[in-house]
Amino acid sequence: MRLALMIEGQEGVSWKHWLALAQACEQHGVEALFRSDHYLSPTDPSRAALDAWAVIPALAARTERIELGTLVSPVTFRPPAVLANASLTAYEISGGRVSLGMGTGWMEAEHEAFGFPFPPMKERLRLLVEQIEAVTRFWGDGPHPHLIIGGSGLSGTVEPAAKWADEYNTVMATPAECAERREKLARACEREGREPIPLSLMTGCAIGRDETEARERIRRRIARSGQQIDPDEYRASRGDATILGTIDEAAERLRAYEEAGVESVMLQHIDHTDLEMVELIGRELAPAVA
């Protein structure tokens, strides 16, 4: 199983933070660094949000090994030609280490705050298909970014992924839900005359070497998210669809996802200043599930 780090870029992640995260990934063997593509924090609107497609090429120029990409870029933010060219530019700078994740967008308050249109979901799904087609047409037949389509397993995202994408990413799902989505994706790919494309998962993560350290990371995740809930209660209510606990517990959960057909997991790390957890992912968790 392939593990990646996923950072919520709208939560006050400065350039200094981004550089430290990327360097930690390279130093400790984490294969990829993904980020959200948002302009507004749903937790604290005062937190800064550096633009995803400005940060990624900058990181591409400062790194040598890790894959970089978005999970996911909303169809409502940029015209398709702008998104296609921005991602292709980052791809060239990186020497072929960039993925473009595309999705419908979901945060209505963000669209209102920054003047982006936010049509109903049915319209956004139509726009997604149009934008995927336009982006891939702009790229042409030459080398281009790895294309990821994000969604919750509904046909409106699975079907275009089966037609155009290199990977389908789903979010905060249990192993059983992932198995169902994997089967649905495989059937859609078969209808398109393609072999099944990989299924990946983005989900929450807070791990430690022992129970005490893991509980403290869960507590900090809760606090950073602006929630008020006991760490044990949080873990009990979300544990089936997240990676929470000790290294051994996290590895067991990841193996369950692997058995469900998930090939890559993007581990959402909320406390982005905690570089020690990046080291844990690369040095201890990744070898445990290799």
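Just so you know, these numbers come straight off a predicted model, no measurement behind them.

A. Structural context of helix H7 (residues 175-191). Compared with an ideal rise of 1.5 Å per residue, which puts 17 residues at 24 Å, H7 spans 25 Å between its outermost C-alpha atoms and is within 8% of the ideal. Pro-175, Cys-178, Arg-181, Arg-182, Leu-185, Ala-188 and Cys-189 are the residues of H7 that are buried. Looking straight down H7, one finds that the buried residues subtend no more than 135 degrees of arc, so they occupy a single side. Turned more than 90 degrees away from the buried face of H7 sit Ala-176, Glu-180, Glu-190 and Arg-191, all of them exposed. Here the buried face of H7 lies against helix H6 (155-164), strand E7 (167-171), strand E8 (199-208), helix H10 (247-259) and strand E10 (262-268). Count one or two residues on from H7 and you reach Gly-193, which has phi positive near 75 degrees.

B. Layout of the packing of helix H1 (residues 15-28) against helix H2 (residues 52-62). Put simply, H1 and H2 touch, their axes get as near as 11 Å, and they point 45 degrees apart. In terms of their interaxial angle, H1 and H2 are classed as oblique. Seen along the crossing, H1 lies across H2 with a hand that is right-handed. Here H1 contributes Trp-15, Trp-18, Leu-19 and Ala-22 to the contact with H2, which in turn contributes Val-55, Ala-58, Leu-59 and Arg-62.

C. Inspection of the environment of Ser-87 at higher detail. Structurally, Ser-87 can be placed in helix H3 (residues 80-94). Classification of Ser-87 by relative accessible area gives buried; the value is 0%. Through-space distance from the C-alpha of Ser-87 to that of Ser-237 is 37 Å; in sequence the pair is 150 residues apart. For Ser-87, the contacting residues outside a window of four places in its chain are Trp-53, Val-98, Leu-100, Trp-139 and Pro-145. Polar contacts involving the side chain of Ser-87 include one to the main-chain carbonyl oxygen of Leu-83, which spans 2.9 Å.

D. Structural detail: the pattern of salt bridges. Counting across every chain of the model gives 23 salt bridges. Here Glu-31 makes a salt bridge to Arg-2, at a shortest N to O gap of 2.8 Å. Placement of the pair is Glu-31 in the loop between H1 and strand E2 (32-35) and Arg-2 in strand E1 (residues 2-7), with a sequence separation of 29 residues. The class of Glu-31 is partly exposed, set by a relative accessible area of 36%. Its salt-bridge partner being Arg-78, residue Asp-37 comes within 2.7 Å of it at the nearest N-O pair. Of this pair, Asp-37 sits in the loop between E2 and H2 while Arg-78 sits in the loop between strand E4 (73-74) and H3, and the two are 41 residues apart along the sequence. One exposure class covers both Asp-37 and Arg-78, and it is buried. Bridged by salt links that share partners, the residues Arg-209, Glu-213, Arg-217, Arg-220, Asp-271, Asp-274, Glu-276 and Glu-284 form one connected network.

E. Spotlight on helix H5 (residues 121-139). With 19 residues, H5 extends 26 Å from end C-alpha to end C-alpha; this agrees with the ideal 27 Å at 1.5 Å per step. Burial in H5 covers these residues: Arg-124, Leu-128, Gln-131, Ile-132, Ala-134, Val-135, Thr-136 and Trp-139. Packing partners of the buried residues in H5 comprise E4, H3, strand E5 (98-103), strand E6 (146-150) and H6. Positive backbone phi, approximately 70 degrees, marks Gly-140, located one or two places after H5.

F. Structural detail: the packing of aromatic side chains. Tallied over the entire structure, the rule returns four aromatic pairs. Considering the side-chain rings of Tyr-39 and Phe-77, the 5.0 Å spacing of their centres and the 20 degrees angle between planes classify their relative orientation as stacked. Remark: Phe-77 occurs in the loop between E4 and H3 and Tyr-39 occurs in the loop between E2 and H2; sequence separation between them is 38 residues. Exposure remark for Tyr-39: the relative accessible area of 22% places this residue in the partly exposed category.

Rules and cut-offs
- Residues numbered from 1 in each chain as written.
- Predicted model: local features only at pLDDT ≥ 70, side-chain atom pairs only at ≥ 80, totals over all residues.
- Heavy atoms only, no water.
- Helix = DSSP H or I, 4+ residues; strand = E, 2+ residues; numbered from the N terminus.
- Expected span 1.5 Å × (residues − 1).
- Buried < 20%, exposed > 50% of the residue type's maximum accessible area, 1.4 Å probe, protein only.
- Arc of directions from axis to C-beta.
- Contact = heavy atoms within 4.5 Å.
- Axes fitted to C-alpha atoms, helices over the stretch in contact; angles between N-to-C directions.
- Parallel < 35°, antiparallel > 145°, perpendicular 65-115°, else oblique.
- Left-handed = near helix turned anticlockwise from the far one by under 90°.
- Polar contact = N/O pair within 3.5 Å; in protein donor to acceptor, adjacent residues only side chain to side chain.
- Salt bridge = Lys/Arg side-chain N within 4 Å of Asp/Glu carboxyl O.
- Phe/Tyr/Trp six-rings, centres within 6.5 Å; stacked < 30°, edge-to-face > 60°.

Purely geometric stuff here, so don't read any function into it on its own.
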